[in-house]
Amino acid sequence: MPVGEERLERSVEQGAALARRLGRLPKFADWAEARREDSALLTEWQVYRLLEGRRGAWATFQFLVRERLREDGVEVAPDGRLVG
């Protein structure tokens, strides 16, 4: 697996963990704050660039995190709140 895919996979895993802590999908600012507390996280801009930095990149990241949570049996409401 290429390095970029590994980094994206790791960031989605970390995003799912952050979502569980927050009780909702992480926003860009949430990630920045979490990064200040945990230097093991990629920066929010690195995550953004992993998705080629195009318009809607953070929404794409949230979609990937939502899908990971669903795979783990956690339901996500349309507004991004974690339900189960």
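Above this note sits the structure.
Residues numbered from 1 in each chain as written. Predicted model: local features only at pLDDT ≥ 70, side-chain atom pairs only at ≥ 80, totals over all residues. Heavy atoms only, no water.

Visitor: Any chance you could explain the environment of Leu82 here in plain terms?
Guide: Position of Leu82 relative to the elements: it lies in the segment after α4 (57-71). Placed 12 residues apart in sequence, Leu82 and Arg70 show a C-alpha to C-alpha distance of 9.9 Å. The contact partners of Leu82, leaving out residues within four places of it in the chain, are Ala19, Arg20, Gly23, Arg24, Leu69, Val74, Glu75 and Val76. (Helix = DSSP H or I, 4+ residues; strand = E, 2+ residues; numbered from the N terminus. Contact = heavy atoms within 4.5 Å.)

Visitor: Is there a simple way to explain the packing of aromatic side chains in this structure?
Guide: The geometry of two aromatic rings is summed up by the distance between their centres and the angle between their planes. Overall, the coordinates contain seven aromatic pairs when judged by the stated rule. On the basis of an interplanar angle of 80° and a centroid distance of 5.1 Å, the ring pair of Phe28 and Trp58 is categorised as edge-to-face. Taken as a pair, Phe28 in helix α2 (residues 28-37) and Trp58 in helix α4 lie far apart in primary sequence, 30 residues in all. Given a relative accessible area of 26%, Phe28 falls into the partly exposed group. Taking the relative accessible area as the measure of exposure, Trp58 reaches 10% and is therefore buried. (Phe/Tyr/Trp six-rings, centres within 6.5 Å; stacked < 30°, edge-to-face > 60°. Buried < 20%, exposed > 50% of the residue type's maximum accessible area, 1.4 Å probe, protein only.)

Visitor: What exactly am I supposed to notice about the side chain of Glu44 here?
Guide: With respect to the helices and strands, Glu44 occurs in helix α3 (residues 44-50). Arg36 provides the closest opposite charge to the buried, unpaired Glu44, separated from it by 6.0 Å. When residues no more than four places from it in sequence are discounted, the contact partners of Glu44 are Phe28, Trp31, Ala32 and Trp58. (Lys, Arg positive; Asp, Glu negative; His and termini not counted. Salt bridge = Lys/Arg side-chain N within 4 Å of Asp/Glu carboxyl O.)

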